[in-house]
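# Reading the structure
The residues making up each chain are set out below.
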Amino acid sequence: MTTKPVVVYGASGYTGRLVCEYLREYGVPFVAAGRSEETLRSSMESHVAGIETADYEVVEVEHDVTSLTRLFEGAQVVLNTVGPFSELGPAVVEACLAAGTHYTDTTGEQDWLITCDETYGADFAAAGLLLSPGLAQMYTTGEIAAQLCLETPGLDTLDIAVFWGGSPTIASTRTILVNAATSAAHYLEQNAYVPFDPAQGLVPLVVPGQHELAQSLPWGGTSHPVWFRRDPRVASCKAQGGVFNAALMHGVPQIVAGALEATKDMDPQERDAALTATARQVMDTMPPRENPRLNKSLDSVHASGPLGRAHCVIHGNSNYKQTGLLQAYAAYSLLQTPPRRVGFASGCQAFGHRELLGVLRSFGLVAAPQLTVQEN
């Protein structure tokens, strides 16, 4: 049991450190939790700016429902950064429900979002608790742009593109491979999930603000089709994205295809070990702290309907910092007021898209949205 109101689970990882950094800026006391006390202490002391002024404690915990429940009791919010979430998320969610705490995470695994929605959402709603997976730059900033478009009535189709500068972390690379090996990617078409063609490969997309086409992938389908499936305004939603580094993007399909072919006959345990090894060949070092001149983000949403169109572009920087800030703000908000929606909900549905935009703007992480609306 903890006396701190917030638990950051996976605090020693790249994203977890940033979450802790922004919790310190909001003045929110927290527990930095994970599998190794030594690693946690080293990460906090060496990599979290200003940690000496934070109100926090370090707790080592086993990854099982009983141990996590015991830790979460007394807290109000758990911010989970430990993935792959489809594999490791259930224990954390079940512990949150047992302990009576709100839950957020940074996932982009579409199958995990669907599981949260269909398996745990009703129980969290009945308990008056928020279950908000996917609160992260790669999904939430694009959702903000989509919600700004949807302020214009009569638009029912969302075409979303998300791009960023930099490379995925070790954990993100492993998650991409595990997700590709174990689940299909879906988009939303007339309120139903439709699988992407697994042989589709790279798709060139027009990126606002540059002449060169960018290469994109569905990245597991992303969070957006799941969030908008029960939005009565939206019938269809498709999202693609990638990094601005074209060479890296051209290599991703080959890496994924090779990993899937090599592991297709393995049992789950062998497959996970092999995919982890492959991920480490791609990315085996913790990325450096983000440089806003290099680590840029771009979210573009075309929304359309029978008689109208809208386009919103949000330029930003430091996508991992955006994620850390969004997570910290979620905790800060939940400690003071109930969410706008309980049960399964996106960040925008729980906290308001204009509120989240204001938070990102106030910390200098995104520019003012460029919104154009055409109505007939």
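Structure shown above.
Residues numbered from 1 in each chain as written. Predicted model: local features only at pLDDT ≥ 70, side-chain atom pairs only at ≥ 80, totals over all residues. Heavy atoms only, no water.

## Thoughts on the overall build of the protein chain
Helix and strand counts for the protein chain come out as 13 helices and 16 strands. Taken against the 2.2 N^0.38 rule, which gives 21 Å for 376 residues, the C-alpha radius of gyration of the protein chain at 20 Å falls within 12% of a compact globule. Counting over 376 residues, the protein chain shows a buried share of 56%. Across the protein chain, contacts joining residues at least 24 apart in sequence account for 77% of those joining residues at least 6 apart. As presented, the protein chain carries roughly 15,600 Å² of accessible surface, and 50% of it is formed by carbon and sulfur atoms. When the 23 basic and 38 acidic side-chain charges of the protein chain are each reduced to a single mean position, those positions are 6 Å apart. (Helix = DSSP H or I, 4+ residues; strand = E, 2+ residues; numbered from the N terminus. Rg over C-alpha atoms; globule rule 2.2 N^0.38 Å. Buried < 20%, exposed > 50% of the residue type's maximum accessible area, 1.4 Å probe, protein only. Contact = heavy atoms within 4.5 Å. Areas by Shrake-Rupley, 256 points an atom, 1.4 Å probe, with all protein chains shown as cover. Lys, Arg positive; Asp, Glu negative; His and termini not counted. Charge placed at Lys NZ, Arg CZ, Asp CG, Glu CD.)

## Remarks on the layout of surface pockets
A probe matching the size of a water molecule, rolled over the atoms, marks out where space remains unfilled. Counted as a void, the second largest pocket has a volume near 230 Å³. As for the second largest pocket, its lining consists of 13 residues, of which Asp-159, Ile-160, Ala-161, Leu-205 and Gln-240 are closest to the centre. Looking at the lining of the second largest pocket, the elements that each hand over two or more residues are β7 (157-164), β10 (203-205), β12 (236-243) and β13 (296-305). Broken down by element, the residue count for the lining of the second largest pocket peaks at three residues, all from β7. A breakdown of the residues in the lining of the second largest pocket according to their chemical character gives seven nonpolar, four polar and two charged. (1 Å grid on protein atoms, 1.4 Å probe; cavity = no way out; pocket = protein on both sides within 12 Å on 5 of 7 lines; lining within 4 Å. Points joined across faces, edges and corners; volume = space filled by probe spheres on them. Nonpolar A, V, L, I, M, F, W, Y, C, P; charged D, E, K, R; others polar.)

## Examining the state of the cysteines
By the definition in use, this model includes zero disulfides. Here Cys-20 stays unpaired: no disulfide links it, and the sulfur of Cys-96, its closest cysteine neighbor, is 16 Å away. For Cys-20, a relative accessible area of 0% puts it in the buried group. (Disulfide = S-S within 2.5 Å.)

## Here's the deal with the packing of aromatic side chains
For any two aromatic rings, the description comes down to two numbers: the centre-to-centre distance and the angle of the planes. Taken as a whole and assessed by the stated rule, the structure comprises twelve aromatic pairs. Note on Tyr-187 and Phe-196: the rings are 5.0 Å apart at their centroids and 70 degrees apart in plane angle, and the pair reads as edge-to-face. As far as the burial class goes, Tyr-187 and Phe-196 line up, both buried. One cation-aromatic arrangement involves Lys-238 over Tyr-187; the distance from NZ or CZ to the ring centre is 4.2 Å. (Phe/Tyr/Trp six-rings, centres within 6.5 Å; stacked < 30°, edge-to-face > 60°. Lys NZ or Arg CZ within 6 Å of the ring centre and 35° of its normal.)

## Some details on the sheet that holds strand β1 (residues 6-9)
Strand order in this open sheet of seven strands is β3-β2-β1-β4-β5-β6-β15, and the pairing throughout is parallel. For this open sheet the edge positions go to β3 (56-60) and β15 (343-344), each flanked by a neighbour on one side alone. Of the strands in this sheet, β1, β2 (30-34) and β4 (77-80) touch helix α1 (residues 14-26), which is tilted by about 160 degrees from β1. (Pairing = 2+ DSSP bridges. Axes fitted to C-alpha atoms, helices over the stretch in contact; angles between N-to-C directions.)

## A word on the nonpolar core
Counting residues in each nonpolar core, the largest one holds 99 residues, and the members touching the most others are Leu-23, Phe-30, Met-44, Phe-72, Tyr-103 and Leu-158. Setting aside residues up to four positions removed in sequence, Tyr-103 forms contacts with Val-78, Asn-80, Phe-85, Val-92, Val-93, Cys-96, Trp-112, Phe-124, Leu-130, Leu-131 and Ser-132. (Core = buried A, V, L, I, M, F, W, Y, C linked by side-chain atoms within 4.5 Å.)

## Brief notes about the packing of helix α6 (residues 137-150) against helix α13 (residues 353-362)
The packing of two helices is summarised by the inter-axis angle and the distance between the axes. Running from N to C, α6 and α13 cross one another at 130 degrees; their axes reach a closest spacing of 9 Å. It follows from the interaxial angle that α6 and α13 lie oblique. When you trace α6 past α13, the crossing you get is left-handed. Touching Thr-140, Thr-141, Ile-144, Gln-147 and Leu-148 of α6 are His-353, Arg-354, Leu-356, Leu-357 and Leu-360, all from α13. (Parallel < 35°, antiparallel > 145°, perpendicular 65-115°, else oblique. Left-handed = near helix turned anticlockwise from the far one by under 90°.)

## A short note on the environment of Thr-69
Mapping Thr-69 onto the fold places it in helix α3 (residues 65-72). Note on Thr-69: relative accessible area 11%, which makes it buried. Linking Thr-69 and Gly-100, residues 31 residues apart in sequence, is a C-alpha distance of 9.2 Å. Here Val-65 takes part through its backbone oxygen, which lies 2.6 Å from a polar atom of the side chain of Thr-69. (Polar contact = N/O pair within 3.5 Å; in protein donor to acceptor, adjacent residues only side chain to side chain.)

## A look at unusual backbone geometry
Of note, the amide linkage connecting Gly-83 to Pro-84 takes the cis form, showing an omega dihedral of 0 degrees. Along the chain, the position of Pro-84 falls in the loop between β4 and α4 (85-99). At Asn-191, a position not held by glycine, the phi torsion is positive, near 70 degrees. Along the chain, Asn-191 turns up in the loop between β8 (186-189) and β9 (192-195).

## What to know about the pairing of β4
Here β4 shows two buried faces, one formed by Val-77 and Leu-79 and the other by Val-78 and Asn-80. Of the pairings in the sheet, the one linking β1 to β4 comprises four bridges and is parallel in character. Bridge assignment links Val-6 to a residue of β4, and that residue is Val-77. Pairing of β4 with strand β5 (residues 102-105) involves four bridges; the strand directions are parallel. Bridged to Asn-80 within β5 is Asp-105.

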